[in-house]
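Structural characterization, general
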Amino acid sequence: MPFRPLPHGRIEQKPDPRATRDRSLQLRSESPFPEDEPVRILVTGAAGFLGRYTIHALCSLLPHIELTLIGTDRQTRPLYLNQAPYRSVIYDRCDLDAPSSSAHLIGQYRPHLVVAAAGPSRHSKRLPSDEVLHQIHVTHRLQLARELGQLEFPTRLVQFTSGRYQECPEGSPATEEDALDLSDPFTSSLFAAEEAL
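The shown structure was predicted, so the numbers you read here are calculated from the model rather than taken from an experiment. (Residues numbered from 1 in each chain as written. Predicted model: local features only at pLDDT ≥ 70, side-chain atom pairs only at ≥ 80, totals over all residues. Heavy atoms only, no water.)

Quick notes on the sheet that holds strand β3 (residues 39-44)
Spatially, β5-β4-β3-β6-β7 is the arrangement adopted by the five strands of the open sheet, whose pairing is parallel. One side of each edge strand has no neighbouring strand; the edge strands of this open sheet are β5 (90-93) and β7 (156-159). Neighbouring strand axes in the sheet, compared pairwise and without regard to direction, differ in orientation by 20° on average. Examined bridge by bridge, β3 and strand β6 (residues 113-116) share four bridges and lie parallel to one another. Directly across from Thr 44, in β6, lies its bridge partner Ala 116. Across the face of the sheet, helix α2 (residues 101-109) comes into contact with β3, β4 (67-73), β5 and β6 while running at roughly 155° to β5. (Pairing = 2+ DSSP bridges. Helix = DSSP H or I, 4+ residues; strand = E, 2+ residues; numbered from the N terminus. Axes fitted to C-alpha atoms, helices over the stretch in contact; angles between N-to-C directions. Contact = heavy atoms within 4.5 Å.)

Considerations on the side chain of Arg 141
Topologically, Arg 141 is positioned in helix α3 (residues 130-149). We note that Arg 141 is buried and unpaired, the nearest opposite charge coming from Glu 194 at a distance of 9.0 Å. Within the structure, Arg 141 has its side chain in polar contact with the backbone oxygen of Ala 118 (distance 3.4 Å). Only 3.1 Å separates the side chain of Arg 141 from the backbone oxygen of Ile 136, close enough to count as a polar contact. (Buried < 20%, exposed > 50% of the residue type's maximum accessible area, 1.4 Å probe, protein only. Lys, Arg positive; Asp, Glu negative; His and termini not counted. Salt bridge = Lys/Arg side-chain N within 4 Å of Asp/Glu carboxyl O. Polar contact = N/O pair within 3.5 Å; in protein donor to acceptor, adjacent residues only side chain to side chain.)

Structure, rendered in structure tokens:
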């Protein structure tokens, strides 16, 4: 089945009368997930800031929906995954720079959704070169998308990243209407990945 990108949608928190907690995450788009089996979600970059945040948000949904969470990163299993409620997360140490890593991850876990959060921190003192950023943000995600397209059921790939905006004052939230700062190499490589997908 060919890979189809997820339509743009916002994740928002709002009260859910069926939930036992006050708030739950709800995605405003059609659900591509099966109803007769647990949803398998693969999170790349699970040892990093965005990956950890994603795992945390998805684990908060576990009481409400049946999920199988798989985290991956090039580092050893992060310590936070040894604490409740994260112990159920499957962790696969895998470097996406390795040529067969995407095929291994998709073939072994057969995820319904891949959250691509792997990449360098934009706040690190040394950002990689433009070529390395392109490799991380564009090539890795395209490899994952190609492998997802080989599966016989509908799949989704979500790029979960941070970027820099042109007119957004420091500390204030950006909106979807704000223009990206494409002169920033980090942001421009993320934008290139979104365009390629």
